[in-house]
Each structure stands twice: as structure tokens, then as C-alpha cells.
Amino acid sequence: MKEKIKKIGKWPSLPAIALLAILFVYNGVLNPGFFKKSTFFTFLLSSTPMICIVIGVCTCKIVGGIDISLGNLLSLINVTMAYLFSSSDMAAPVIILIGLLIGLGGGLLNGICIGVLRVNPLLATFATSPVYWGLALWIMPTPGGYGVPRELISFVNKTHFGVLPTAVAALAILVILWLLYMKSIYGISIYGIGGNEQSAYVSGMNVARSKVLAHVFGGFCAFVGGLVATGLIASGDPNIGTEFSLKAVTAVVIGGVALSGGEGDVWGALAGGFFLSTILIAIISSKVPTFAQNFANYSIMLCGLVLAVVIKLGAEYYRTRAKKKQSEEVRQ
Amino acid sequence: MKRLLCIVLCVLMVLSLAACGGESGSDAKAPDTGEAAPAQGGGEKETKTGGLKIAYSIGYVGNAWRSQLVSSLEEAAEAYKADGTIAEFQVVSADNDSTTQISQCNAMLAEGLDALLICAVSPTTLASVVETAKEMGTLVILSNDPAVYEGTYCVVNNAVSYTSLINRWFATKVPSGSDIVYISGNPGNATDMLRDETVYSDIEKYGWNMIGEAPGKRNQAEAQTIMTSFLSTYPNIEGVLCQNTTFEGVAHAYENAGKPMPVVGGDSVLSTLRLWSTMEDYETIGVTNSPAISVASLHFAVLMLQGYELRDNVLEANPLDASLVNTVAVDPPVAITIDGKLPEDILVDYPLLTVLSRDEALEKYADQEDTYIPDASMSREDAIKTWFKEK
Amino acid sequence: MNKQALAKSLYSKLKDYIPAAGAIAALGLISTILIDGFMNANNIGAILLRASVLAIVAMGVTFVITAGDSGLDLSTGSLMVVGAMVGPNLRFGGQESLILSFLVVIVIGALIGCVNGVGVYYLKIPALVMTMAMNGLVTGFCILLTRSQLTVNLPAKLVALNDVVVEPFRKMTLLVAAVMILLQLMLTKSKFGQMLQLTGNNRQAARLNGIPVAAIAVGVYSISSAMAAVGGVLLAGYTGLVHIDMTVEYPMQAMAAVIIGGTHAAGGVGSFVGSVMGAIVLTLLNSVLLAFNMPAGARTFIQGLVLLGVLIINNRSAKLRQ
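This is a predicted model, so every value here is computed, not measured. (Residues numbered from 1 in each chain as written. Chains lettered and ligands numbered in written order. Predicted model: local features only at pLDDT ≥ 70, side-chain atom pairs only at ≥ 80, totals over all residues. Heavy atoms only, no water.)

Some words on the overall build of chain C
Rule in force here: Segments assigned H or I by DSSP are reported as helices when at least four residues long, segments assigned E as strands when at least two residues long, and all are numbered from the N terminus. A radius of gyration in this sense is built from C-alpha atoms; the matching globule rule multiplies 2.2 Å by the number of residues raised to 0.38. Think of it in three bands: residues with accessible area under 20% of the maximum for their type are buried, residues over 50% are exposed, and the middle band is partly exposed, with areas taken using a 1.4 Å probe on protein chains only. Per-residue accessibility takes into account occlusion by the displayed protein chains alone, with areas from the Shrake-Rupley method and a 1.4 Å probe.
The helix and strand inventory of chain C stands at 14 helices and two strands. Against the globule reference of 20 Å for 322 residues, chain C gives a C-alpha radius of gyration of 20 Å, in line with a compact fold. Reported as C-alpha extents along the three principal axes, the dimensions of chain C are approximately 60 × 50 × 40 Å. Split into buried and exposed, the 322 residues of chain C put 59% on the buried side. When the accessible surface of chain C is totalled, it reaches about 12,900 Å², and 67% of it is carbon and sulfur.

As C-alpha cells, then:
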């Protein structure tokens with residue numbers, strides 16, 4: 001039993017989940033309407049696009065890299081689909097397929113620059129980000145594209161079995177895919193590569209391929225997010241995803257995914273993402289004065305970051321102390 | 001030690017949220033002072049004379065115009081709170097993220113609102129919010145930035161009359177056949193699209209030649225860059241059409257180039273007026289795109305909730321979709337010319353306009369910061385007079 | 001030294017500058033040929049002025065990136081606002097003093113930057129996230145303090161920085177050029193410069209060599225914020241006013257300038273001359289694209305491609321095989 005508790009204590013995702021729980025409880029107490037079915041579902045639904053990006057960034061981070069272009073890739077996908085829906089006669093499945101191809105293509109571009117051409121991941125995606133955003137602005141300078149089909153809108157907003165909005169189901173699918181991927185030989189290699197690239201390479205893992213795949217998966221997450229976003233806002237908006245990239249990185253850090261890679265899992269990232277979404281709601285429930293809202297938002301974000309990191313450092317400290325104690329006992 | 005730090009930080013976080021929140025809007029839910037039957041969904045609304053719960057969702061507050069919008073709004077709300085008309089009022093900022101705005105609006109609707117005023121981050125993202133509001137019987141007003149949703153109202157500044165006023169004055173100073181340049185606003189903004197359309201049609205009407213055009217994004221530095229570029233490319237510019245928060249950029253560009261400034265039109269921000277006062281007899285016009293549109297929106301919402309009826313034919317076509325007639329557009333409230341005068345034929349079309357002379361304006365707003373925009377909030381009486389039938 | 005070895009050493013020193021120099025040459029050529037009147041003293045002078053402001057910020061960020069460990073600084077935008085709000089309004093006993101104003105602003109910037117440094121080095125919060133959060137925090141604080149309403153009384157000497165010294169160079173441009181030369185000399189010739197580069201190259205080795213790595217790792221963030229604050233004062237001098245949202249693009253642009261200028265993202269190899277060149281490339285590119293009347297989306301797209309191109313040419317890590 002003690003072993004089990006110790007194990008949970010070491011779980012890198014724990015701080016993020018704890019933070020999320022605290023904020024949920026706080027919010028629920030101040031505003032019981034938050035947990036009403038329709039409100040909570042809309043909260044989940046409107047957070048879903050960003051959370052998709054969080055999952056994508058989480059994957060890239062575990063490989064020891066990062067991706068800050070996924071938010072703008074999502075915007076590009078959303079804008080392209082909305083544009084095609086309203087200005088062309090293509091069938092809906094074709095348009096959605098095009099969206100998928102854009103997502104995979106963007107992810108592939110990132111992956112090639114990072115995995116094959118060995119450009120620093122932060123800088124590579126720092127460069128591809130304006131490429132995607134610029135394309136999105138070029139295609140649709142103003143939000144518009146009102147031709148999104150009713151079926152897509154209602155599909156995204158629908159609730160299955162009375163309890164599960166489709167959007168959340170999309171998240172669940174991504175998470176399941178992620179778990180399957182990680183358990184597979186490709187996935188395990190990701191952790192190895194993230195932890196130590198040299199030794200992973202030496203032990204025969206195809207580092208370049210794993211990195212490319214990780215970023216393509218990120219692109220796929222952007223596609224899912226873009227599809228949900230299109231159904232959610234029923235139009236195209238070139239700026240819808242601009243804020244998502246940096247927020248996602250913050251969420252992933254809070255979620256305990258180490259910057260150096262090789263550690264952490266998707267649950268912490270999810271918790272971190274929802275934590276960030278809930279902050280802005282909590283600010284409403286707390287009736288923070290308007291001009292202080294910005295400051296409050298970032299303060300809490302920073303507190304969350306510090307907490308998550310400090311807890312992790314603390315855990316490491318206790319672990320090394322316990323190891324020292326063990327080795328001393330062994331010697332005696 | 002580290003564990004203690006964690007616990008302290010957690011507690012601090014929670015406390016700071018609670019503490020920050022204490023000040024505004026924490027009045028206990030005041031008992032309804034009027035006929036307080038809660039509004040039924042989808043149709044007939046009961047009227048209330050007081051105890052209203054209203055919220056305003058704004059895309060972001062990070063610039064002077066927006067912050068003035070909020071300041072004027074909060075002032076007007078305080079006045080309503082003082083006489084009990086409004087029981088709870090809140091302004092919420094979405095930090096430029098449209099999905100956050102959706103989430104916030106829903107959270108506020110869940111608390112139960114009589115009216116929700118929205119200054120949208122993006123006009124196309126609010127369909128689900130409007131649906132939810134309708135189900136709950138909450139009145140939805142799109143404030144400042146128009147959007148197209150059945151069953152809502154738009155209270156916006158009249159972009160066409162704002163631009164026309166500047167252009168008409170401009171026409172009295174810049175003859176037909178002149179070469180002019182146009183520094184526009186934000187590409188992709190609904191209001192700016194309307195302004196651009198008006199400028200293009202006026203250019204044809206008054207016979208000017210537009211030799212250059214670029215988006216100034218209502219940013220002085222950007223305007224300065226653009227104007228410098230124009231000055232290099234076009235040797236003879238006879239007039240510059242620009243907008244609020246761009247005049248100084250244009251002026252600096254001319255100063256750095258060592259060229260005399262031709263007629264420039266459109267900016268009323270206080271720092272422009274102050275710069276203008278150093279320019280002796282130079283003539284320009286400042287027209288205000290009113291941040292206090294928020295106040296007009298608030299009056300509109302309160303009056304509707306209180307059961308006032310709209311006058312016939314007061315609603316206009318939505319700027320974004322002419323088939324939806326749900327908009328009231330407010331003309332610019334303040335214009336500033338060097339002598340406080342405008343030609344009669346212009347004044348006749350703008351009955352609610354206050355025209356100030358440059359020196360009058362400088363004196364009136366001497367205590368305000370450079371970024372302040374001379375503005376006038378619509379009063380409740382004017383709102384009734386303009387839009388509603390007397391009760 | 002024989003000619004071949006000399007040429008080789010020269011090439012290895014200068015090859016990082018090739019993308020930036022090439023870009024400037026290409027843009028200069030395009031604009032002279034295709035755009036009437038682009039190449040006149042006033043226009044170039046204005047472009048250099050704007051590039052000067054960006055250059056100061058970029059040079060500050062260069063310190064952070066050179067110190068290694070994936071350091072970077074996205075909080076420069078908010079520091080510029082702080083500098084612009086405070087610096088120009090300072091008077092000392094009723095008198096304007098440009099030097100004292102700069103000093104005050106540098107101290108304030110350095111203090112704020114310390115928070116970044118502590119968060120990144122001691123708390124191990126990734127620099128990307130820490131500086132981004134600080135950017136929002138400091139901006140939020142400014143909004144809270146001023147309600148976004150600002151007034152600035154520019155000292156005459158600050159405005160005078162816009163004056164021409166020798167066409168097309170203005171005082172501000174020469175000032176920034178002087179800073180660039182000083183910093184580049186410091187980097188290549190002084191002990192501090194050596195320590196900085198060693199820290200960036202390999203922190204463990206640097207520690208073992210007795211280099212005060214902690215002080216440097218935190219200090220570079222202070223320097224970056226201090227220089228950003230100075231950049232804000234210069235921006236106020238150039239535009240004549242201060243708005244809370246006028247520096248939104250600077251953090252990303254400053255980073256881009258440093259990258260284009262050839263500083264290595266992994267640290268250890270940096271160049272202030274490169275960062276200034278990068279700033280010129282970006283400002284020039286923006287002006288050229290504006291003159292071509294390209295829509296905003298196209299301009300952003302092209303800037304991204306340019307950046308990507310530079311990265312692929314310049315910024316690749318060694319093959320794992322080695």
C-alpha cells in the first residue's frame with residue numbers, strides 16, 4: 001500500500017490534477033451554475049480546440065522537442081474548410097479530407113525541419129507558425145465563411161447518451177490514440193529519445209522517424225481541433241488559434257511534461273489545459289474588477305507554473321535523498 | 001520547506017482570487033423591486049423596473065479606446081446601481097480569445113442574467129451563446145462590433161456617418177482632382193470594412209485620385225512607417241485621409257521628411273489636439289468614434305428590459321447583413337475643428353453633434369492623459385428620445 | 001599563415017552572417033529596381049531608425065540566447081512599455097537628463113528581468129513559458145496601474161535623437177551602432193564575453209572551470225529586460241507617444257532578428273552585429289512588402305518563409321552519427 005502511494009506521489013501529472021481540482025471546487029462553490037449540465041458541457045466544448053493542441057504539444061515535448069505552430073495550423077485548417085464550404089461545390093467529406101491533409105502536411109513540414117533537417121524545434125516551429133498564420137490571413141482576412149453545413153455544426157454540438165458531447169468524444173479519441181501510440185514500439189522509443197537522444201540512436205532507434213511521426217501526430221491533433229472549432233463557431237476565423245500555441249506549452253509544463261523530454265504523460269497536460277481554461281471562468285466568478293483581470297489571469301498562471309515545478313523539484317529532492325539513504329543502509 | 005511553499009502558494013492563489021473579487025459586484029442579490037416574475041424562455045418577457053442583472057463581455061481591454069469604453073460604462077452602471085435599477089453588473093475581458101469569450105458568456109448566463117452585452121472578439125463565433133441566451137430568456141445586445149444573429153440587437157457606432165463627416169469636411173478643403181492617400185484601419189475588421197466602402201464611394205463622389213492606400217491599424221508607429229513610405233514613393237501628395245490614432249504618425253513622417261503637411265483628416269485623440277496646438281493656423285478635423293457606445297448599449301438594454309417600446313422604423317439594417325434589421329447606429333458625438341464651426345449643410349445632418357473648437361477642447365480636457373479621446377456619453381433621456389416611445 | 005588557412009578562418013567567422021547580409025543585399029536590389037523612390041535618404045533613414053529600436057531589443061535577447069540552455073526572452077514587449085511609460089517622463093530637479101533617465105530605466109528593467117532569471121534558472125520553469133507569463137503579468141500590471149491611459153512628456157534631447165547627423169544616419173541610429181560595436185568587442189575580446197560563450201556552450205564544463213554560471217544565467221535576463229526598457233524609451237522618442245499596445249510585435253520580431261543574424265539557438269555562439277543585421281533585414285523586408293501593397297497575410301507568410309530559410313541554412317545541429 002505504501003508503495004502504491006509512493007508511486008502516485010511520483011506521478012508527474014499529479015500537481016496539475018491537484019491544481020485543477022482546487023480551481024474546480026473554488027469555482028463550483030462561487031458559482032454552482034458552473035456544474036449545471038449545459039454550462040459545463042459548453043465549457044468543455046469551447047475548451048476542446050485548445051486542448052487538442054495541448055495533446056499535440058505534449059507529444060512533441062516528450063520527444064524532447066516542442067511545437068508552437070499548432071495553434072496557427074488549426075486556424076489555417078478552420079479557415080480553409082470554412083472557405084471551401086461557403087465558396088465551392090465540393091462535397092463535405094472532401095473538404096474535411098482537405099483539412100486533414102493540411103493538418104498532416106503542416107505536421108510533416110515541422111517534422112521534417114526538426115527530425116530530418118535537424119533545426120532546433122522551437123525555432124523551426126517559431127518560423128512555420130507565421131507561415132500557417134499568414135496563409136490563413138491570406139485566404140480569409142476577415143472572419144467569415146458562413147457556409148458550414150448544419151450537419152457538421154449539430155454533430156459537433158451533439159450529446160451522445162445524454163452525457164457525452166461529441167467534442168469531448170473527439171478528445172477521448174485523441175487520448176486513446178495517444179495511449180496506444182505510446183504503448184507501441186514507436187511510442188516507447190519516443191520516451192527513450194526524449195530522455196537521451198544519443199543513447200537512443202546508439203541502441204538502434206530511428207530517431208528521425210520518431211520525431212517526424214510525433215510532429216505529424218501534432219498536425220493530426222490540430223486537424224481534430226480545427227474540425228471541432230469549425231463546428232463550434234460555424235464559420236472561419238484566421239485568429240481563432242493564435243493564442244492556443246503558447247497557452248498549450250504552459251499547460252504542458254504545468255502538466256509535468258519535462259522540457260528535456262522523456263517524462264510525463266497526457267493526463268497532466270489535459271489537466272493543465274483545463275486549469276488554464278478554468279482560470280478565466282474563476283475570474284468571472286470572483287468578480288475581479290475589469291482592469292485587474294489581465295493581471296489576475298497571469299498571476300494565477302504563474303503561481304500554477306511555480307507550484308507545478310516546485311512540486312516536481314521537491315519530488316526529485318526526496319527521491320535522491322531516499323536513494324542516498326538506501327545506499328548508505330546497503331553499505332552498512 | 002518546499003512543501004510549505006507549495007501550500008502557501010495554493011492558499012495565496014485562492015485568497016487572491018477571493019480578495020480581488022471582493023470589490024465590484026459583490027452586493028448581495030438585491031430583492032427585486034419591481035414586477036419580478038423571472039423572464040420566460042422564447043417569447044414574452046416580463047418587464048422589471050429594477051434589480052436587473054447585467055453583464056458586458058469585451059474582447060480585450062489592452063488599449064486606451066477600449067479602456068475608456070469600460071470606464072464610461074462602469075460609470076453609467078454605477079449611476080444605475082445607485083438608484084437600484086441594476087443590482088449586479090460585471091465587465092469581463094476575454095484576452096482576445098474567441099473560444100474563451102464563448103466559455104465566459106456561458107458561465108455568466110448560467111448565473112442568470114437579464115441582459116448580456118457582448119463586444120465580440122470575432123462576429124461569427126457566438127451562435128451557441130445566442131442560443132443559450134434565448135433559452136434562458138436573456139436579452140442579447142451586440143455592442144460596438146456588429147454581428148448577425150436573429151433575435152439580438154446591435155448598438156454600434158455608425159461607421160458610415162463617422163467616415164462621411166470626415167470626408168465632407170475634407171471636401172471643403174481638398175478640391176476635386178487632387179491626389180490623396182488613404183491610411184485605413186485594421187484589415188479584417190467589420191467596422192473598418194464599412195469605413196473603407198464609404199471612403200471609396202466618397203472618393204468617387206468628390207473626384208479625388210487615390211494614389212496610395214495602406215492599413216494603419218490605428219497605430220501611430222505604423223502610420224508613420226506608411227506615410228514615410230508614401231512620401232518616398234509619391235512626390236506630390238495633396239491630402240491624407242486617416243483615422244483615429246494616426247494623425248501624429250503622419251505628422252512625424254512629414255516632419256522627418258522636412259516637407260509641409262497638406263490637409264490631413266480624422267483624428268481626435270487628445271495627444272493629437274496637443275500636437276495640433278503647436279501648429280498655429282493649420283486646419284484639420286477631429287471626429288470621435290465614441291468609446292461611450294457602451295453606455296448607449298447599456299441604456300438600450302435597460303430601457304428594453306424596463307418595457308419601453310421601440311419607435312417604428314428606428315431599427316436599421318445590420319451593417320454586415322442587410323436582410324437583418326436589428327441595429328441602432330449612433331452618430332459621432334464630438335467633432336473638433338480649429339474654430340468650432342462646421343458648414344451648415346453638414347450640421348443639419350448631425351443633430352446630436354457637439355462641435356468644439358480646438359482650444360475649447362484642450363481646456364475642457366486639460367486634466368486628461370494624452371491617450372484620452374474627447375467623448376460624450378449618451379444620456380438616458382437622449383436614448384429614450386432617439387429610440388423609444390415615451391411611456 | 002598561408003592564404004588558404006587565412007581564407008578558411010575568415011570564412012568560418014563570417015559564414016553565419018551570410019544569410020543576413022544576403023537578405024539585405026537582395027532586398028536593397030529589389031527595392032531599388034522595382035520601387036520608385038524607395039532608395040532616398042529620408043526613407044532609408046526612417047527604416048534605419050525603426051531598425052535601431054528593434055536592434056536594441058534584439059541585442060538584449062542575444063545575451064539570453066548566447067548563454068545557452070534553450071534560453072530566450074519573450075517578455076521584451078512589456079518591458080518596452082515600462083521603459084516608455086517611465087523614462088521620458090523623468091525629470092531630475094526639474095531638468096531633463098537623457099543619461100539619468102536611461103539609468104533609471106535600466107535599473108527597473110534589470111530588477112524585473114531578475115524575476116525571469118530566477119524562474120528559469122532556479123525554478124527550472126522553461127524560458128518560453130516563464131517569459132511569456134511575465135510578459136502578460138507586467139502588461140497586466142501596467143493596465144491595472146494606468147487604465148491604459150498614458151501621457152508622455154518627451155524631453156527635447158530624446159526627440160533630438162531623430163535628427164540627422166549625416167544622411168541617412170540619425171543620432172539614434174549612430175547611438176545604437178555604437179552600442180553594437182561596444183557589445184561585439186566585449187563579446188570577442190573581454191573576459192566576460194568569454195565566460196558568456198563558455199556558459200552557453202556547456203554549463204557543466206563552465207562550472208568546473210570556475211565560471212559563475214548562476215550569476216551569468218540569471219544576469220542575462222536582467223540585461224535583456226534592461227535593454228528592452230531602453231528600447232522602449234527610444235520607441236517613445238521615435239513615435240512621440242506611448243500606448244500600452246504598441247509593442248505587441250516586438251518579442252517575436254526581436255527573436256527573429258537574433259536568429260536571422262546567425263546567433264546559434266543552442267548557445268555558445270552569438271553575435272551582436274548579427275542581431276543588428278537581423279533587425280535591419282526584418283524592418284527592410286516589412287517596408288518593401290508594404291511598398292508592394294501586399295496584404296497582411298501575405299507579408300506574414302513571406303516573413304515566416306524567410307525565417308525558415310535562414311534556419312535551414314544556418315541553424316542545424318550536428319548529425320547524431322558524429
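Some remarks on the interface of chain A and chain B
Rules: Two residues form a contact once any of their heavy atoms are found within 4.5 Å. In the sections that follow, a salt bridge refers to a side-chain nitrogen of Lys or Arg positioned within 4 Å of a carboxyl oxygen of Asp or Glu. Distance and chemistry together define a polar contact, namely a pair of N or O atoms within 3.5 Å, with one atom able to donate a hydrogen and the other to accept it when in protein, and with adjacent residues in sequence counting only for side-chain atoms on both sides. All residues other than Ala, Val, Leu, Ile, Met, Phe, Trp, Tyr, Cys, Pro, Asp, Glu, Lys and Arg, Gly among them, are scored as polar; the first ten of these are nonpolar and the last four charged.
The partner chain B presents 49 residues to the 51 residues of chain A that form the contact. For the pair chain A and chain B, the interface holds two salt bridges. Here B:Asp97 and A:Lys247 are joined by a salt bridge, their closest N and O atoms 3.3 Å apart. Linking chain A with chain B are 10 residue pairs in polar contact (both at pLDDT 80 or more). It is helix H14 (residues 293-331) of chain A that provides the largest number of residues to the side of chain A that touches chain B, a total of 13 residues. Here the side of chain A that touches chain B is composed, by residue class, of 29 nonpolar, 17 polar and five charged.

A short note on the pairing of strand E5 (residues 153-157) of chain B
All names here are of chain B. Selection rule: Paired strands, in this sense, are two strands between which DSSP finds at least two bridges.
In terms of residue burial, E5 counts as a mostly covered element, since four of its five residues are buried. Inspection of the sheet shows strand E4 (residues 139-143) paired to E5 by three bridges, in the parallel sense. Bridge pairing in E5 places Ile 141 opposite Tyr 153. Here E5 pairs with strand E12 (residues 321-330) via four bridges, running parallel. Following the sheet pairing, Val 155 is matched in E12 by Val 328.

Concerning the sheet that holds strand E10 (residues 286-287) of chain B
Taken in spatial order, the three strands make up an open sheet running E10-E13-E14 (chain B), and their pairing is mixed. Pairing within the sheet leaves two strands with one partner each, and these edge strands are E10 and strand E14 (354-357) of chain B.

Focus on the packing of helix H7 (residues 150-157) of chain A against helix H11 (residues 207-233) of chain A
Residues and elements named next belong to chain A. Our working rule: Axis definition: a line fitted to C-alpha atoms, limited for helices to the stretch in contact. Angles are taken between N-to-C directions and run from 0 to 180 degrees. By the definition adopted for this analysis, an angle is roughly parallel if under 35 degrees, roughly antiparallel if over 145, roughly perpendicular if from 65 to 115, and oblique otherwise.
In the contact formed by H7 and H11, the axes pass within 8 Å of each other and the chain directions differ by 105°. Between H7 and H11, the crossing angle belongs to the class labelled roughly perpendicular. Where H7 abuts H11, its residues Leu 152, Ile 153, Val 156 and Asn 157 lie against Leu 227, Val 228, Thr 230, Gly 231 and Leu 232. Here the contact of H7 with H11 is composed, by residue class, of six nonpolar, three polar and no charged.

Here we look at the packing of aromatic side chains
Note the following rule: In this scheme Phe, Tyr and Trp rings, the latter by its six-membered ring, pair at centre separations within 6.5 Å, and the angle between planes marks the pair as stacked below 30 degrees, edge-to-face above 60, and tilted otherwise. When the NZ atom of lysine or the CZ atom of arginine is within 6 Å of a ring's centre and also within 35 degrees of its normal, the charge is said to sit over that ring.
Applying the stated criterion across every chain, the model contains 19 aromatic pairs over all chains. Considering the side-chain rings of B:Tyr206 and B:Trp208, the 5.1 Å spacing of their centres and the 35° angle between planes classify their relative orientation as tilted. Geometrically, the ring pair formed by C:Phe63 and C:Phe272 is tilted, given 4.9 Å between the ring centres and 55° between the ring planes. With C:Phe63 in helix H3 (residues 41-66) and C:Phe272 in helix H13 (residues 272-291), this pair connects stretches of sequence that are 209 residues apart. Accessibility classification places C:Phe63 together with C:Phe272 in one group, the buried group. Among the aromatic residues, ring-to-ring pairing joins B:Tyr153, B:Phe300, B:Tyr308, B:Trp387 and B:Phe388 into one connected group. In this arrangement the basic side chain of B:Arg358 is found over the ring face of B:Trp276, its NZ or CZ atom lying 5.2 Å from the centre.

Some thoughts on the sheet that holds strand E7 (residues 209-215) of chain B
Residues and elements named next belong to chain B. If you walk across this open sheet you meet the four strands as E7-E6-E8-E9, and the pairing is parallel. Bordering the open sheet on either side are E7 and strand E9 (263-265), each of which pairs with just one other strand. Adjacent strand axes in the sheet meet at a mean angle of 15° when their direction is disregarded. The pairing of strand E6 (residues 179-184) with strand E8 (residues 239-241) spans three bridges and is parallel. Looking at E8, one finds that Ile 180 is bridged to Gly 239.

Thoughts on H13(C)
Residue and element names in this part refer to chain C. How we decide: Expected span of a helix: the number of residues minus one, times 1.5 Å.
Compared with an ideal rise of 1.5 Å per residue, which puts 20 residues at 28 Å, H13 spans 29 Å between its outermost C-alpha atoms and is within 8% of the ideal. Most of H13 sits out of view: 16 of its 20 residues are buried. The N-capping residue of H13, defined by a side-chain oxygen 3.4 Å from the backbone nitrogen of Val 273, is Ser 271. Once H13 ends, the next one or two residues include Asn 293, with phi positive near 60°.

Considering the pairing of strand E3 (residues 115-119) of chain B
Residues and elements named next belong to chain B. Counting buried residues along E3, five of its five residues qualify, which places the element largely inside the surrounding structure. The side-chain alternation of E3 yields two buried faces, one formed by Ala 115, Leu 117 and Cys 119 and the other by Leu 116 and Ile 118. As paired strands, strand E1 (residues 52-58) and E3 are joined by five bridges and run parallel to one another. Note that in E3 the partner of Ile 58 across the bridge is Cys 119. The pairing of E3 with E4 spans four bridges and is classified as parallel. Note on E4: the bridge partner recorded for Leu 117 is Ile 141.

Description of the packing of helix H4 (residues 70-87) of chain A against H11(A)
Each pair of packed helices can be described by the angle between their axes along with the distance between the axes. Residues and elements named next belong to chain A. Put simply, the rule reads: When the near helix sits turned anticlockwise from the far one by under a right angle, the crossing is termed left-handed; a clockwise turn instead gives a right-handed crossing.
Interaxial distance between H4 and H11 falls to 8 Å at its minimum, and their mutual angle equals 50°. Here H4 is positioned oblique relative to H11, judged by the angle of their axes. Note on packing geometry: the crossing formed by H4 with H11 is right-handed. The residues of H11 that touch H4, namely those facing Leu 70, Leu 73, Leu 74, Ile 77, Asn 78 and Met 81, are Gly 218, Gly 219, Ala 222, Phe 223, Gly 225, Gly 226, Leu 227, Ala 229, Thr 230 and Ile 233. Residues that form the contact of H4 with H11 fall into these classes: 10 nonpolar, six polar and no charged.

Side note on the interface of chain A and chain C
Selection criterion: Accessible-area loss on putting two parts together, using a 1.4 Å probe and summing over both, is the definition of buried area adopted here.
At the junction of the two partners, chain A supplies 43 residues and chain C supplies 43 residues. Both sides together, the interface formed by chain A and chain C hides about 4,000 Å², and carbon and sulfur atoms give 82% of it. By the criterion of area lost to chain C, the three top residues of chain A are A:Arg118, A:Phe126 and A:Phe291, representing 19% of everything that side buries. Counting every contact that joins chain A to chain C gives zero salt bridges. The interface formed by chain A and chain C holds zero residue pairs in polar contact (both at pLDDT 80 or more) in total. Of all the elements in the fold, those that place two or more residues in the side of chain A that touches chain C are helix H6 (121-139), helix H10 (197-202), helix H12 (244-254) and H14 of chain A.

A short note on a nonpolar patch on the surface
Residue and element names in this part refer to chain C. Put simply, the rule reads: Residues form patches when they are more than 30% accessible in relative terms and have no salt bridge. Like charges link within 9 Å. Nonpolar side chains (Val, Leu, Ile, Met, Phe, Trp, Tyr) link within 5 Å.
A surface patch of nonpolar side chains, about 510 Å² in accessible area, is lined by Leu 29, Ile 30, Ile 33, Leu 34 and Phe 292. Summarising the element assignment, Ile 30 is placed in helix H2 (residues 18-34). Residue classification places Ile 30 among the partly exposed positions, given a relative accessible area of 34%.

Remarks on unusual backbone geometry
Positive phi outside glycine occurs at B:Asn96, with the angle close to 65°. Structurally, B:Asn96 can be placed in the loop between strand E2 (86-93) and helix H3 (98-110). A relative accessible area of 39% means that B:Asn96 is categorised as partly exposed. Positive phi values are uncommon outside glycine, yet C:Lys124 reaches one of about 60°.

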